[in-house]
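Spelled out, the chains give:
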Amino acid sequence: MQDLERRHAILQYLETNRSATVEFLSKMFYASPSTVRRDLTALERTGMVHRTHGGVIYNDKIKELSFPARKSKNEQAKNRIAGETINHIPDFNSIFVDNSTTCFPLIKLLPLNKKLLVTNSLLIAREAKLMSDAKVILLGGEYDIDNVSFSSLLTLEMLSNFHFDLVVQSCAYINSGGAFENEYLTATIKKTAREASDRAILMFDRSKLLSSASCKSARLSDFDLIVSDINEEEKAGLNGNQNLNIVTVK
């Protein structure tokens, strides 16, 4: 079992059982105690677990709100961000759009006819087919009912077979150090999609500045364009000395 696969399996176990000892996990996953300790150290850095003496405890605070709850949060701002983003979309034949509620309103605006759209979001895939004559590929894997999307190692495996002209993403949290997600696997899926694309756009509303998440998915310099409703002071703080291409909306 590879490191990523084993760590994801450990997380799945902890989500259900909340805690475990190193000895138990070592036996369960046929790995040495030192290997399990390295796994737990890596997972602790993401904020998803807390190490204890001889074991680990799952961090209950990382669970995201469901898709419907997130979709209604700051909905007007997300619509304005989508309206501005469409003005900066380059020509493309293939695009990946993540399963975020920030990217969802953009689907209605994208010129998708005869284009390839790949996503792990069931709602985005459905919306794209309703609104256009796009070729839509929905990445499979383990179904997340709260987020109405697929997120697992199989999702990653399918994603690794693609190359995109453009990737559009959002994030759970952002600061000058990068874009972050609540879950390690979500961050890895977004990173994999971005690295498989020629161009990348990040969309987020200003509430993401006030959030908290521990799994880094990107440096801000990895994006060709960032679109948000932040003010000029927040834009300056985010940019720092990075010379980022940030477009703001009112």
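Located above this text is the structure these notes cover.
Residues numbered from 1 in each chain as written. Predicted model: local features only at pLDDT ≥ 70, side-chain atom pairs only at ≥ 80, totals over all residues. Heavy atoms only, no water.

Chemist: A description of the overall build of the protein should follow, citing residues and the corresponding values.
Modeler: Counting secondary structure elements, the protein contains nine helices and 15 strands. Relative to its length of 250 residues, the protein is compact, with a C-alpha radius of gyration of 19 Å against a globular reference of 18 Å. When the backbone C-alpha atoms are referred to their principal axes, the protein occupies close to 55 × 40 × 30 Å. Here the protein holds 250 residues, and 53% of them are scored as buried. As displayed, the protein has an accessible area near 12000 Å², and 48% of this comes from carbon and sulfur atoms. Charged side chains in the protein number 31 positive and 30 negative. The centres of these two groups are separated by 1 Å. (Helix = DSSP H or I, 4+ residues; strand = E, 2+ residues; numbered from the N terminus. Rg over C-alpha atoms; globule rule 2.2 N^0.38 Å. Buried < 20%, exposed > 50% of the residue type's maximum accessible area, 1.4 Å probe, protein only. Areas by Shrake-Rupley, 256 points an atom, 1.4 Å probe, with all protein chains shown as cover. Lys, Arg positive; Asp, Glu negative; His and termini not counted. Charge placed at Lys NZ, Arg CZ, Asp CG, Glu CD.)

Chemist: For the sheet that holds strand E2 (residues 49-52), give the residues involved together with the corresponding values.
Modeler: The antiparallel open sheet is built from three strands, whose spatial order is E1-E3-E2. Strands with a single pairing partner mark the edges of an open sheet, and in this sheet they are strand E1 (19-21) and E2. Going across the sheet, the axis of each strand differs from the next one's by a mean of 20°, ignoring polarity. The pairing of E2 with strand E3 (residues 55-58) spans four bridges and is classified as antiparallel. Looking across to E3, one finds that Thr52 is bridged to Gly55. Lying on the sheet, helix H1 (residues 3-17) is in contact with E1, E2 and E3; it crosses E1 at an angle near 125°. Running over the sheet, helix H3 (residues 33-45) touches E2 and E3 and is turned about 135° from E2. (Pairing = 2+ DSSP bridges. Axes fitted to C-alpha atoms, helices over the stretch in contact; angles between N-to-C directions. Contact = heavy atoms within 4.5 Å.)

Chemist: Report on the nonpolar core, specifying residues and quantitative values.
Modeler: In globular proteins that are soluble, nonpolar side chains generally tend to be buried together. Counting 24 residues, the largest nonpolar core has Ile95, Leu110 and Leu112 as its most contacted members. Among the elements of the structure, helix H5 (75-85), strand E4 (94-97), helix H6 (122-131), strand E9 (164-169), strand E12 (197-204) and strand E14 (225-228) are those that each provide at least two residues to this core. Setting aside residues up to four positions removed in sequence, Leu112 forms contacts with Phe92, Ile95, Ile107, Leu117, Ala128, Ser132, Asp133 and Ala134. Listed in part, the 19 residues of the second largest apolar core include Ala9, Leu40, Leu43 and Tyr58. (Core = buried A, V, L, I, M, F, W, Y, C linked by side-chain atoms within 4.5 Å.)

Chemist: An account of the environment of Phe92 is requested, with residue identities and associated values reported.
Modeler: You can see Phe92 is positioned in the loop between H5 and E4. Each C-alpha atom of the pair Phe92 and Pro111 lies 9.1 Å from the other, and the pair is 19 residues apart in sequence. With sequence-adjacent residues up to four places away left out, Phe92 is seen in contact with Leu110, Pro111, Leu112, Lys115, Asp165 and Leu166.

Chemist: Pulling in residues and values, what's your account of the sheet that holds strand E10 (residues 173-175)?
Modeler: Spatially, the three strands line up as an open sheet ordered E10-E11-E13, and their pairing is antiparallel. Lying at the two open borders of the sheet, with one neighbouring strand each, are E10 and strand E13 (215-218). Sheet twist, expressed as the average angle between the axes of neighbouring strands with direction ignored, equals 35°. Examined bridge by bridge, strand E11 (residues 178-181) and E13 share three bridges and lie antiparallel to one another. Note on E13: the bridge partner recorded for Ala179 is Ala218. Helix H8 (residues 184-195) contacts E11 and E13 of the sheet and is inclined by roughly 10° relative to E13.

Chemist: Please set out the pattern of salt bridges residue by residue, giving values where relevant.
Modeler: Proximity of charged atoms lets side chains of opposite charge pair with each other. The final tally for this structure, using the stated rule, is ten salt bridges. Asp98 is the salt-bridge partner of Lys190, the closest N and O atoms lying 3.1 Å from each other. You can see Lys190 sitting in helix H8 and its partner Asp98 sitting in the loop between E4 and strand E5 (116-119), a full 92 residues away along the chain. The pair formed by Lys190 and Asp98 is uniform in burial state, with each residue classed as buried. Notably, a salt bridge pairs Arg219 with Asp222, separated by 2.8 Å at the nearest N-O pair. Arg219 sits in the partly exposed class, given a relative accessible area of 49%. (Salt bridge = Lys/Arg side-chain N within 4 Å of Asp/Glu carboxyl O.)

Everything listed here is a matter of geometry and, on its own, says nothing about what the molecule does.
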